[in-house]
Amino acid sequence: MTAAPVLDSEHFTEVHDRYFADIHRYVAGRLGAQVAEDVAAETFLVAFDRRKTFDASRGDLRAWLFGIATNLVSRHRRKEARHYRALSRLDPREAAEGHESRVVASVTVARLGTALARLSAGERDVLLLVALGDLGYAEVAEALGISPGTVGSRLTRARKKLAPALAQEAFDE
């Protein structure tokens, strides 16, 4: 793996280019594609403004960026909850007119949307940093400023809460 780019103003474009797609994908999964571009861009604006406070000895650059993104997502928490409630209200009968895969996808999204809306903010942050951000426990802990043990317990609780929705999906297939 290549070393993380230097976090100074001269090399910040390299940081942006390297991590923007990951941050965008994570935010889009949390808030929807319409807001993702703005929030991902704001993440890098905040990171650029705070670049002198980044301390590589305290953690990874990628985790730091995901922490900033998660904080910005928390500002949009109401939008995120509305997004998941909207997903949970998808009518699979409307999608049934289309291709079979659209039916399966709409049912899955509706169930997962309902289940995600029922998670606490902390559980949702941890689960989605792992699932959408592809971060490991240590990176999630760094991003959120919590212990790896807390990451594990929140992830376990989130998975238990999601299990019924996922089990129903497997039963339907």
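For the structure itself, consult the block above.
Residue numbers here run from 1 along each chain, matching the order of that chain's written sequence. Predicted model: local features are reported for residues with pLDDT of at least 70 only, side-chain atom pairs are reported and counted for 80 or more only, and whole-chain, interface and lining totals are derived from all residues. Only hydrogens and water are set aside; all other atoms, that is, all heavy atoms of the structure, feed into the side-chain values.

1. Comments concerning the overall build of the protein
Regarding its fold elements, the protein presents nine helices and zero strands. Each helix corresponds to a stretch of at least 4 residues labelled H or I by DSSP, and each strand to a stretch of at least 2 residues labelled E; elements are numbered beginning at the N terminus. Its helices and strands in sequence order give the protein the pattern α-α-α-α-α-α-α-α-α, from N to C terminus. Residue burial in the protein is summarised as follows: out of 173 residues, 40% are buried. Any two residues whose heavy atoms approach within 4.5 Å are treated as being in contact. The long-range share in the protein, meaning contacts at least 24 apart out of those at least 6 apart in sequence, stands at 62%. Note that accessible areas follow from Shrake-Rupley with a 1.4 Å probe, and for residues the cover is restricted to the protein chains shown. Only carbon and sulfur atoms are counted for the fraction: they give 54% of the accessible area of the protein, which is about 9,800 Å². To sort residues, take the accessible area from a 1.4 Å probe on protein chains only and compare it with the maximum for the residue type: under 20% means buried, over 50% means exposed, and anything in between is partly exposed.

2. Digging into helix α8 (residues 137–144)
Residues of α8 that are buried include every one of Glu139, Val140, Ala141 and Ala143, and no others. Gly145, located one to two residues past α8, shows a positive phi value of around 70°.

3. Side note on the side chain of Thr70
Along the chain, the position of Thr70 falls in helix α3 (residues 61–75). The exposure class of Thr70 is buried, given its relative accessible area of 2%.

4. Comments concerning the packing of aromatic side chains
Whether two aromatic rings pair depends on their centres lying within 6.5 Å, for rings of Phe, Tyr and Trp, where Trp uses its six-membered ring; planes under 30 degrees apart make the pair stacked, over 60 edge-to-face, and the rest tilted. Using the criterion set out here, one finds four aromatic pairs in the structure. Ring centres of Phe12 and Phe48 lie 5.2 Å apart, and the angle between their planes is 75°; on these two criteria the pair is classed as edge-to-face. Highlighted residues: Phe12 in helix α1 (residues 12–31) and Phe48 in helix α2 (residues 33–49), separated in sequence by 36 residues. Judged by relative accessible area, which is 7%, Phe12 ranks as buried. Looking at Phe48, the relative accessible area reads 28%, which means it is partly exposed. Between the NZ or CZ atom of Arg51 and the centre of the ring of Phe48, over which it lies, the distance is 3.9 Å. Comment: the charge-over-ring label is applied if NZ (Lys) or CZ (Arg) is within 6 Å of the ring centre and within 35 degrees of the ring normal.

5. Points about the packing of α3 against α8
To get an axis, fit a line to the C-alpha atoms, keeping to the stretch in contact for a helix; angles then go from 0 to 180 degrees between the N-to-C directions. At their nearest, the axes of α3 and α8 sit 7 Å apart, and the two run at 50° to each other. Taken as axis vectors, α3 and α8 run oblique relative to one another. Crossing geometry of α3 relative to α8 is assigned as right-handed. Taking contact as the criterion, the partners of Arg62, Ala63, Phe66, Gly67 and Thr70 in α3 are, on α8, Glu139, Glu142, Ala143 and Leu144. Each residue gets one label: Ala, Val, Leu, Ile, Met, Phe, Trp, Tyr, Cys and Pro are nonpolar, Asp, Glu, Lys and Arg are charged, and the others, such as Gly, are polar. Here the contact of α3 with α8 is built from residues that sort into four nonpolar, two polar and three charged. Convention used here: angles under 35 degrees read as roughly parallel, angles over 145 as roughly antiparallel, angles from 65 to 115 as roughly perpendicular, and any remaining angle as oblique. Crossings are sorted by hand: turned counterclockwise from the far helix by less than a right angle, the near helix makes the crossing left-handed, and turned clockwise it makes it right-handed.

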